[in-house]
Amino acid sequence: MSFKTLKVFKNIDTVSGHCEYCQEETILVAIVPDYYRCTNCGEDTRQHINGSIKYLKLSDKDREWIKDHG
């Protein structure tokens, strides 16, 4: 890998969390702010912070927002 490629990957927001679709602890990759894709099953989740961080299944409204802003 080139230095330029490594620099791009360094800026990707990844988190460890529980996917509500596949019910696994996995790495989630940010696709747009507050929306993450599961690296295990490929489903998109929405980050919810309320004392603890949770990743929730997307509603149709969430999917539309991603299309408009992603």
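Residues numbered from 1 in each chain as written. Predicted model: local features only at pLDDT ≥ 70, side-chain atom pairs only at ≥ 80, totals over all residues. Heavy atoms only, no water.

Regarding unusual backbone geometry
Comment: phi is negative for the bulk of residues other than glycine, and the bulk of peptide bonds are trans. Condition: Runs of H or I in DSSP of at least four residues are treated as helices and runs of E of at least two as strands, each being numbered from the N terminus.
Phi is positive for Gln23, which is not a glycine, with a value near 60°. Take Gln23: it is sitting in the loop between strand E1 (14-18) and strand E2 (25-32). Positive phi, normally seen in glycine, also occurs at Asp34, with a value near 75°. On the secondary structure map, Asp34 appears in the loop between E2 and strand E3 (35-38).

With respect to the confidence of the model for the protein
Convention followed: A score between 0 and 100, pLDDT records how confident the predictor is in each residue.
A residue-level look at the protein finds 84% of positions with pLDDT of 70 or above and a mean pLDDT of 87. For the protein, the element scoring lowest by mean pLDDT is helix H1 (residues 3-10), at 59; E3 scores highest, at 95.

Here's the deal with the packing of aromatic side chains
Put simply, the rule reads: Paired rings are identified among Phe, Tyr and Trp, the last through its six-membered ring, by centres lying within 6.5 Å, and are further divided according to the angle between planes into stacked (under 30 degrees), edge-to-face (over 60) and tilted (the rest). The rule is simple: take the accessible area with a 1.4 Å probe, protein chains only, and divide by the maximum for that residue type; under 20% is buried, over 50% is exposed, in between is partly exposed.
For the coordinates displayed, the defined rule picks out two aromatic pairs. Judged by centre distance (5.2 Å) and plane angle (20°), the rings of Tyr35 and Trp65 are stacked. Of this pair, Tyr35 sits in strand E3 while Trp65 sits in helix H2 (residues 60-69), and the two are 30 residues apart along the sequence. A residue is classified by how much of its surface remains accessible, and Trp65, at 32% relative accessible area, is partly exposed. Between the aromatic rings of Tyr36 and Tyr55, the centroid separation amounts to 5.5 Å while the plane-to-plane angle is 80°, which identifies the pairing as edge-to-face. Here Tyr36 is found in strand E3, whereas its partner Tyr55 is found in strand E5 (residues 53-57), with 19 residues between them in sequence.

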